[in-house]
Amino acid sequence: MKYDFREYEAKWQKRWEDEKAFEAVDFSEKPKFFSMVEFPYPSGSGMHVGHIKAYSGLEVVSRKRRMQGYNVLFPIGFDAFGLPTENTAIKTNTHPRKVTERNIEKFTQQLKRVGFSFDWSRVVDTTEEDYYKWTQWIFRKMLDNGLVFRDKALVNYCPSCKVVLSNEDSQGGKCDICHSDIVQKSKDVWYLRITEYADKLLQGLEGVDYLPNIKMQQENWIGKSTGAFVKFALKDTGETLTVYTTRPDTLFGVTFMVMAPEHPIIDKYSEKIGNMDAIEAYRAECAKKTEFERTQLVKDKTGVCIEGFKAVNPVNGKEIPVYISDYVMMGYGTGAIMAVPAHDQRDYDFAKKFGIDIIEVIKGGDIAVEAYAGDGEMVNSDFLNGYTNKKDSIARMIEELEKSGLGEGGVQYKMKDWAFNRQRYWGEPIPIVHCEKCGIVGVPYEELPLRLPPMENFEPGQGGESPLAKLEDFVNCTCPKCGGKAKRETDTMPQWAGSSWYFLRYIDPHNSERFADSEKLKYWLPVDWYNGGMEHVTRHMIYSRFWHHFLYDLGEVPTAEPYAKRTAQGLILGPDGEKMSKSKGNVVDPNDVVDAYGADVLRVYVLFMGDYESATPWNDSSMKGCKRFLDRVAGLCDMAKGSGATPELETKFHKTIKKVSQDIESMKFNTGIAAMMALINDIYDHGSLTVDELKCFISLLCPYAPHLCEEIWESLGEKELLSLSKWPEYDEAKTVDATIEIAVQISGKLKGTVVIAADADKDTAIAAAKADAKIASLLEGKNIIKEIYVPGKIVNIVAK
RNA sequence: GCAGGCGUGGCGGAAUUGGCAGACGCGCCAGAUUUAGGAUCUGGUGUCCCCGACGUGAAGGUUCAAGUCCUUUCGCCUGUACCA
């Protein structure tokens, strides 16, 4: 047979679809396997080969599991709300709904051409009303449960485009679109209180099977720290300034305090402050910097000393100055710090610049040169003097603080609450109304979905408001509570919302009563294996784990954790070794590859090109090697006759089945394919194989190159689909060779090899090695000091 | 700065608990076939001073034995929120 993919790829794709070969069955008796890939954002430029690699991993796993008798749910959908679609809509004067439909169609066509075994009956689209109804429903539940609140926040604002920008779109303080200067603007923001779940999210990591680096990234993102809250009296105000510190035991080394420039206490006492002008000027400077810029570590600290009040160190009564500086953020801790310049480099730099005292309280460094952050004996610290273990000194200080009521132990998280509103059209409307009398009122559940109203012009409203603010019919409404006049919230949800629960909708995508049926949830949850990009392992995964934990607490889902296992694929780089991007012109379109080489070659190549978890550059000629491999597979048909096993090949077959099976489970697809290539080389060397062996070979290859394998399977007279037939099994005993070649070393240097029985004992192996003529001559006249035999590997004779 | 990761032939990459470094593929070289190109087939291909020695970013160390373990160091990539 020839590898003539144009003849049959479409044929098999149609047959899989006609026979519903890959549709999951709810409540099947078979063991369930829920494998999920990150659903794509359907962009206008279509898919690139990176998507194909991202999906091919679990595609192969899923196909193998089906052949092993699992009831597999391998779904796909579209995360279709988002800014790029809205921008395309504005630019081309097309409704985002239309743009989305067009893009989804394009993606669907591309995905189907590659022959992915998705369950196409369960496709979800986050922008459909019967999907976002439930996104809004979950949000409403959060509102009812006190997890939604409103607060002021500083946002990146482009005065020219009149839009709020993400940090990503405002790097370097310039707007990504028009390149004008960004300003920091205070704005009302809806928050989800994710910090309430910080501990649960941290503890939940203990029971899940994520790659270790993924787990660590999530732990660091949540960032739990233990320390103490300490109260400093502000003299002449009656106010206390509370700070958070991880090292309360360094309190005797505090020589000044720093507040974030935006700290509200400054405004409260502005009349007492003598240099308010200087402070306002400094604040104006800070407002120009984005958070991104403020967070760049700079040696040269800036700040202003507040004239008007001083703080009192609670442990020694010393009066110390209070500064404002932009290295302190409102968003972490309390927005103010106690500065210990001797033992914190940032405080040290600040103290040096402003000529503030530096008092050593931990011995071990040279504070004339730099801050010392290591451990050591406590000095200059009254009752803490002599402590050498920081755990003890911290505990003692907390004890003292709590006794005197000047502070208490506490924990802090790096993780911030989730800013949940965007001033955009193409997103889920936030189901809230603002009533003059009742305040914030949720839209009643029976009124969901709160539909995105039709609109012509998606340009943002005045002063960076959502486009929806321009629609009076939408904005003006009656309060669900009192029936009086009210206004709707016009902001929409961020893109993260729809993707926070989509795995639940796959389980029951057409349910109109509930987001998913409880029994089905019980059957399918958790997702057994979730694969996606490294860039989503913190934000997306933590957000969706948060939503799931919340639903679990409500009793709506049967598991606390949504994902039992998580892996991540590496990027495909352009042929130039750079990240693929339109602007660099190094993007490879999967359609072009399918046209020229066929879907099977594309599938095999993206998994063979390198380690699945690492970034690998695309290489056209390397892909041709995969084409040659499939040519040779097709060629096996002409060599196959008879049944049973070929003695010369039998062990090789069993070894290959084992290797391919294991490598799929550990996502070492490249070495699994290499094993099949090595086997086919052996078969060609041997010159023939049996029909049974051919069937075994194509069964192993089927998850990778299903079209070709189905075609060969059919040509052998089989009527049922290979994709649903049995995965080959191996006999462990037959994976071992009778004789093996082992290396022989003399004093650790390789000198030759010798063939011995696989089960030979140490004496036999060493005797065989010594019997070798070359080894014998090299050993002549030498004293043998030690003889080592590592079974199946090596003999090492240490001689002098 | 912090966190995570990576350095192996001309290239992508292989190497259980330390046990024959370079599997498999690309590329390259030679031969066969072909009017030529392409395709295909066969053989070869880490380096060198080639019956021997040297080789996994660099330098030390542990060991009978190190790509793998330890120390120091250099370079690169990714994420990032100066986190008190």
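Structure shown above.
Draft legend 1. View of helix α4 (residues 96-114). When the terminal C-alpha atoms of α4 are compared, their 27 Å separation across 19 residues agrees well with the 27 Å that a helix rising 1.5 Å per residue should span. All of the buried residues in α4 are Pro-96, Val-99, Thr-100, Asn-103, Ile-104, Phe-107, Thr-108, Gln-110, Leu-111 and Val-114. Each buried residue of α4 lies within a common arc of 165 degrees when the element is viewed along its axis, so the set occupies one face. Exposed residues pointing more than 90 degrees away from the buried face of α4 are listed as Lys-98 and Glu-105.

Draft legend 2. Main features of the sheet that holds strand β30 (residues 794-799). Read from one edge of the open sheet, four strands run β28-β27-β30-β29, paired in mixed fashion. Two strands in the sheet have a free side with no partner beyond their single neighbour: β28 (749-757) and β29 (784-790). Going across the sheet, the axis of each strand differs from the next one's by a mean of 20 degrees, ignoring polarity. Across four bridges, strand β27 (residues 739-746) lies against β30 in parallel orientation. Bridging from a neighbouring strand, Val-744 pairs with Val-795 of β30. Where helix α24 (residues 762-771) meets the sheet, it contacts β27, β28, β29 and β30, and its direction lies at approximately 115 degrees from that of β29.

Draft legend 3. Geometry of the packing of aromatic side chains. Tallied over the entire structure, the rule returns 47 aromatic pairs. An aromatic cluster of at least three residues, connected via ring pairs, comprises Phe-139, Tyr-197, Trp-418, Phe-420, Trp-496, Tyr-543, Phe-546 and Trp-547. Just above the ring of Tyr-530 sits the side chain of Arg-566; from NZ or CZ to the centre is 4.7 Å.

Draft legend 4. Here's a closer look at the side chain of Asp-663. Positionally, Asp-663 belongs in helix α20 (residues 647-665). Once residues within four sequence positions are removed from consideration, Asp-663 is found in contact with Lys-668, Phe-669, Thr-671 and Gly-672.

Draft legend 5. Region of interest: the packing of α4 against helix α17 (residues 590-597). Contact pair α4 / α17: the axes reach a minimum separation of 10 Å and the direction vectors enclose 35 degrees. Crossing handedness for the pair α4 and α17: left-handed. Each of Gln-109, Gln-110, Arg-113 and Val-114 in α4 lies in contact with α17, whose residues at this interface are Pro-590, Asn-591, Val-594 and Asp-595. Of the residues contributing to the contact of α4 with α17, the split by class is three nonpolar, three polar and two charged.

Draft legend 6. Geometry of the sheet that holds strand β22 (residues 485-488). An order of β20-β19-β22-β21 is seen for the four strands of this open sheet, with the pairing classed as antiparallel. The sheet terminates laterally at β20 (439-442) and β21 (476-478), the two strands that pair on one side only. When the angles between neighbouring strand axes are averaged without regard to direction, this sheet yields 40 degrees. Across three bridges, strand β19 (residues 432-435) lies against β22 in antiparallel orientation. Its bridge partner lying in β22, His-434 is registered against Lys-487.

Draft legend 7. Main features of the environment of Tyr-41. The residue Tyr-41 is located in the loop between β1 (32-37) and α2 (49-67) in this model. Once the C-alpha coordinates of Tyr-41 and Lys-14 are considered, the two residues, 27 residues apart in sequence, prove to be 26 Å apart. Among residues more than four places away in sequence, those in contact with Tyr-41 are Asp-79, Ala-80, Phe-81, Gly-82, Leu-83, Pro-84, Thr-85, Phe-107 and Gln-495.

Draft legend 8. Expanded view of the pattern of salt bridges. Inspection of every chain in the model, using the stated rule, returns 44 salt bridges. Between Arg-122 and Asp-26 there is a salt bridge, with the nearest N and O atoms lying 3.0 Å from each other. Residue Arg-122 is located in the loop between α4 and β4 (124-125), and its partner Asp-26 is located in the loop between α1 (5-18) and β1; the two are separated by 96 residues in the primary sequence. In this structure Arg-122 comes out as buried when scored by relative accessible area, which is 6%. Look at Asp-26 and you get partly exposed, because its relative accessible area is 24%. The salt bridge partner of Arg-97 is Glu-101, with a shortest N-O separation of 3.2 Å. Note that Arg-97 and Glu-101 are positioned in helix α4 at a spacing of four residues, about one turn of the helix. Relative accessible area serves as the criterion here: at 23%, Arg-97 is assigned to the partly exposed category.

Draft legend 9. Representation of helix α16 (residues 539-553) within the structure. For α16, with 15 residues, the first-to-last C-alpha span of 21 Å sits near the 21 Å given by 1.5 Å per residue. Across the 15 residues of α16, 12 count as buried, placing the element largely inside the fold. Every buried residue belonging to α16 is among His-540, Met-541, Ile-542, Tyr-543, Ser-544, Arg-545, Phe-546, Trp-547, His-548, His-549, Phe-550 and Leu-551, and all of these are buried. Of the residues one or two after α16, Gly-555 is the one with positive phi, at around 80 degrees.

Draft legend 10. How the structure looks around unusual backbone geometry. The linkage connecting Leu-448 with the following residue, Pro-449, adopts the cis geometry, with an omega of 5 degrees. Structurally, Pro-449 is set in the loop between β20 and α13 (472-475). The step from Leu-525 to Pro-526 runs through a cis peptide bond, and the omega angle for that step is -5 degrees. With respect to the helices and strands, the residue Pro-526 is situated in the loop between α15 (518-524) and β23 (529-533). Although it is not a glycine, Asp-236 adopts a positive phi angle of roughly 70 degrees. Positionally, Asp-236 belongs in the loop between β9 (224-234) and β10 (239-245).

Cut-offs used in this document
Residues numbered from 1 in each chain as written. Chains lettered and ligands numbered in written order. Predicted model: local features only at pLDDT ≥ 70, side-chain atom pairs only at ≥ 80, totals over all residues. Heavy atoms only, no water. Helix = DSSP H or I, 4+ residues; strand = E, 2+ residues; numbered from the N terminus. Expected span 1.5 Å × (residues − 1). Buried < 20%, exposed > 50% of the residue type's maximum accessible area, 1.4 Å probe, protein only. Arc of directions from axis to C-beta. Pairing = 2+ DSSP bridges. Axes fitted to C-alpha atoms, helices over the stretch in contact; angles between N-to-C directions. Contact = heavy atoms within 4.5 Å. Phe/Tyr/Trp six-rings, centres within 6.5 Å; stacked < 30°, edge-to-face > 60°. Lys NZ or Arg CZ within 6 Å of the ring centre and 35° of its normal. Left-handed = near helix turned anticlockwise from the far one by under 90°. Nonpolar A, V, L, I, M, F, W, Y, C, P; charged D, E, K, R; others polar. Salt bridge = Lys/Arg side-chain N within 4 Å of Asp/Glu carboxyl O.

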